[in-house]
Protein chains: 2
Amino acid sequence: MARVHNFSAGPAALPQCVLREAQDELFDYAGTGMSVLEMSHRSEAYRAIIEDAEATLRRLLDIPPSYRVLFLQGGATLQFAGIPLNLMRRRRAGYVVSGNFAKLAWREGCKYGDAEVLASSEASNFDRIPELGAVENRAASGDLDYVYICQNNTIFGTQFHTLPDCTDTPLIADVSSCFLSGPLDIERYGLLFAGAQKNAGPAGVTVVIVREDLIANGPARADICPTYLDLRVQAEKGSMYNTPNTFGIYLCGKVFRWIEQTDGLVAMAQRNRAKADLLYRTIDDSDLFQGTADPKSRSMSNVTFRTCDAETDEAFIAYARERGIEGIKGHRMAGGLRASIYNAVTMDSVGALTACMREFEASRGSRSM
Amino acid sequence: MARVHNFSAGPAALPQCVLREAQDELFDYAGTGMSVLEMSHRSEAYRAIIEDAEATLRRLLDIPPSYRVLFLQGGATLQFAGIPLNLMRRRRAGYVVSGNFAKLAWREGCKYGDAEVLASSEASNFDRIPELGAVENRAASGDLDYVYICQNNTIFGTQFHTLPDCTDTPLIADVSSCFLSGPLDIERYGLLFAGAQKNAGPAGVTVVIVREDLIANGPARADICPTYLDLRVQAEKGSMYNTPNTFGIYLCGKVFRWIEQTDGLVAMAQRNRAKADLLYRTIDDSDLFQGTADPKSRSMSNVTFRTCDAETDEAFIAYARERGIEGIKGHRMAGGLRASIYNAVTMDSVGALTACMREFEASRGSRSM
C-alpha cells in the first residue's frame, strides 16, 4: 500500500531515502559479498561504518574532542541506572521530574544514592516544565554530582526551551525525543543520551555523549556496576566491549548522513518549527481540539492534544486511520491524542493531519446541526 | 559481488532466504505502509511479529510453559551481571571457567557475591571442557544458588557434550554459540541465554529462557539491580519494559521460521554434524593443519585450528580470501584459525574451505620440493 503518515512516538518514521538505501544494500553491502547484518563488528568494512557514523554525528552537533560518543544498547532506561552508577561519586544528585521518564530515572537514581527531586510538575500531571529557579539555586551549592533533566517529555508533549544554568554541576540530559531535531550546545552538558528510535535511527541503539573527564576514573560504583554499563570501558573499547547493535548503528549513520545532506540541524530545526507551528495553530484555531501542554512548555517533537472527550478522541483516531494517518493515539498515561513530528515526518504529513482535523471537526459540526 | 563464504564467529552468516524476505519487506511490511523499523512496538502489527517469534521458538525447542522467553538487549555480557543480580539469593554460586566468556561471567559474579570457580581449563589455555566430577559434587551440597557454564566456547572451539548433573541446583548456561544448532533439553536448565548474532539472528538481541519460579520473587539484589535487568519485570512486560530491538526480534523470528521450515532442530543438528565432521576430518588428515581443541571437547559450531606457524596462518587467510572465504582468522586470544560453521553456513561453504585447505597444503608441498 501507499506509505502511511506515521506519527508514532517511537519507533518512528524514518527518511524514505534511508530505507531505500538500506533495502538496496541489505543483501550485499558495498560489494563485500555479505549483508551488514552478517558482518563481523571487528571487520574493516564494519569499522568504517561505525567510524563514519560517529564522525558524521560529531560534525552535525559540533561535538568537542573532549566528549566521547558511544553507541550502546538497552535504551535510555538502562542508562537511568548507568548514570548514577557511573557519576554519583558523592551519592547525591538532583532530578527535575518533568514526566514519566524523568520520574523513572529519579527512582533508579534512588537505588544508588540520595536522589533529590529539585523540581516537579507532577501535581499538574506533567503539563509543563517546572520553574527552574530552585534547581539553579540548589546546583549552585556545589554538592550535587549532577543535575538530571529529561529535555523533552514524549508522553506529555513538553520540552525545556532553556536549560537550567547549573554552573559547575554537570547537567545530565535524556534528549531521546528531541535529539537531532535541532542544534545542541554540547558544552552545556556533562552527559546527554538518547534512544535512537525517534530521530536518530531504529530501536536498539542508545547514543551517549559524555565529557571525558567525568568517566576518566571509572564508575563511581565500580563495585556493583555491570561492566557493560561502565562508560570508561565502553569508551576505551569504542562501544565494542561486546558486540554492538551493528545494523542499528549502520542505520543511525545513514540517518546522520541524511541530516547532513539536507542542510544540517539549523535547517532541520526550521522545518520542525514550521511543522509544529502549523499543528499548534490548527489546534489553537479549533473549537474541538485543544492542546494539553502549557503553551510555554510545548514540545516541538511531540504535540499532545485532545477533543472534548475520550469517545470523540477514538472516533478521530479511526477517522484519521481511514485517511492513512497512523500513530496519533495518546500514551495511556496522558490519554487523548499525540502527533510525534520527528525529522522524518514531512510537512506533507503534518498538512494531511491538520486537513483531517479540520474535516473531522466540520463533519461533526454539520452532523450536530 | 558473489556471496562470500562467511565463517565469521558472529555477527555471522544469515540464511539467504531470510535476507531476501527482509529486503523485500524493508520499505513496506505486509501492506502496513511502513517499515518494521518505523513501527511502534505497541502496534498490533508488531505485537503479532514478536508473539510469532516467541511461539516459533517455543515450538522449535519444545519450551515448557513454566519457562519464560525474553528478547533483551546488551548481549550475553549484560546478562553476566543480570544473572547474579537476579539469582544470587544466598550470594554463593559456582562457575565452570572453560573460556574467556565464562571467565568474564565469573568475574562479574564476584561483584555480587561469592562466585566459586568449580573447575577451570585455563591452565591448558582453555583447550578443553574441564572434568565435571568436582562440579557435580559441589552442586550436590545444595548451598549454591546456581552452577554456571558457557556451553560452547566460541574463541577456543570447545563445547560441553554432556551437561553436569547438578541435581536441584539450577544450571545456568550461556549457549550463545550453540543455541539452535540442535535440540536442547530445556528442563535441564534454570536459565539459558544467547546473544542472537550466531544462529538466532542479528547482533543486538539476547534471548533469555528462564524457569519462572526462579524469577517470581524478583531480583535477589533488587536494591541495586538496574530495572532493565530485572527479569521478573521484563517477563511481566513481555520484553517490553522499554522499547526492545524491534527489527532484531523480527529477524530472529524469520530465522526461527527458517529453521522450522528446514525440518527443525534434529535435521539442523545432522547437517551441522556433517559440516563439522568434514572440517575436522580435513584437519586430522592434513600434515599442515592441526586442531587446537582436545578432540573430546571439540565444538560443532566453532572449529579452531592452525598451521605450522603464525606466518603460514596469515598466508592461508590471504589465500582463502582470494577464493571468497572470509572470517577464518582466529580470535586474538587463541591465535591461529577458526571457522564458525553456524546453521546458515552451508555444506557448500565448508566444502569450499576444505578444498581450499587441501589446495593450499598441496601448493606448499610442491613449493618446498
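An unreviewed UniProt entry lists chain A under the name Phosphoserine aminotransferase, with Collinsella intestinalis given as the organism. Check the Subunit (unreviewed entry) section of the UniProt entry for chain A; it says "Homodimer."

Trainee: Got a minute to help me understand the relation of the copies chain B and chain A in this structure?
Mentor: The two chain copies are related to each other by a rotation about an axis together with a translation along it. Once chain B is rotated about the relating axis by 180° and shifted along it by 0.0 Å, it coincides with chain A to within an RMSD of 0.0 Å. The operation mapping one copy onto its partner corresponds to a two-fold rotation axis. Of the residues that chain B buries at the interface, 100% are likewise interface residues in chain A, meaning the two copies contact each other through the same surface.

Trainee: Just checking my understanding: could you explain the domain arrangement of chain A for this structure?
Mentor: All names here are of chain A. Under the domain assignment, chain A is made up of domain 1 (17-261) and domain 2 (264-368). Centre-to-centre separation of domain 1 and domain 2, based on C-alpha positions: 28 Å. On the domain 2 side, the residues contacting the 26 residues of domain 1 number 25 residues. Viewed at the interface, domain 2 and domain 1 are joined by 1 salt bridge. One salt bridge in this structure joins Arg-128 and Asp-294, with 3.7 Å as the shortest N-O distance. Where domain 1 packs against domain 2, one counts 15 residue pairs in polar contact (both at pLDDT 80 or more). Going through the elements one at a time, α2 (44-61), β7 (158-159) and α8 (246-261) are the ones with two or more residues in the side of domain 1 that touches domain 2.

Trainee: Hey, could you run me through unusual backbone geometry in this one?
Mentor: In this model, Gly-10 of chain A is joined to Pro-11 of chain A through a cis peptide bond whose omega is -5°. Mapped onto the elements, Pro-11 of chain A comes out in the loop between β1 (5-6) and α1 (16-25). A positive phi angle, close to 80°, is found at Asp-263 of chain A, a residue other than glycine. Among the secondary structure elements, Asp-263 of chain A is positioned in the loop between α8 and α9 (264-285). According to the relative accessible area criterion, Asp-263 of chain A is exposed, its value standing at 62%. Phi at Leu-180 of chain B takes a positive value of approximately 70°, unusual for a residue other than glycine.

Trainee: Is there a simple way to think about the UniProt feature "modified residue: N6-(pyridoxal phosphate)lysine" (unreviewed entry) in chain A in this case?
Mentor: Residue and element names in this part refer to chain A. This chain's UniProt record puts "modified residue: N6-(pyridoxal phosphate)lysine" (unreviewed entry) on Lys-198. Once residues lying within four places of it in the same chain are set aside, the contact partners of Lys-198 are Ala-9, Gly-10, Ala-12, Ala-13, Thr-154, Ser-176, Ser-177 and Tyr-342. Among the polar contacts made by the side chain of Lys-198, one reaches the main-chain carbonyl oxygen of Ala-9 at a distance of 3.1 Å.

Trainee: Just checking my understanding: could you explain the side chain of His-41 of chain B for this structure?
Mentor: Mapped onto the elements, His-41 of chain B comes out in the loop between α1 (16-25) and α2 (44-61). Judged by its relative accessible area of 7%, His-41 of chain B falls in the buried class. Setting aside residues up to four positions removed in sequence, His-41 of chain B forms contacts with Gly-10 and Pro-11 of chain A together with Tyr-46, Met-240, Asn-242, Thr-243, Pro-244 and Thr-246 of chain B.

Definitions and limits used
- Residues numbered from 1 in each chain as written.
- Chains lettered and ligands numbered in written order.
- Predicted model: local features only at pLDDT ≥ 70, side-chain atom pairs only at ≥ 80, totals over all residues.
- Heavy atoms only, no water.
- UniProt positions renumbered as here; feature names shortened; annotations may be inferred.
- Least-squares fit on C-alpha atoms with pLDDT ≥ 70 in both.
- Contact = heavy atoms within 4.5 Å.
- Domains from an automatic or database assignment.
- Salt bridge = Lys/Arg side-chain N within 4 Å of Asp/Glu carboxyl O.
- Polar contact = N/O pair within 3.5 Å; in protein donor to acceptor, adjacent residues only side chain to side chain.
- Helix = DSSP H or I, 4+ residues; strand = E, 2+ residues; numbered from the N terminus.
- Buried < 20%, exposed > 50% of the residue type's maximum accessible area, 1.4 Å probe, protein only.

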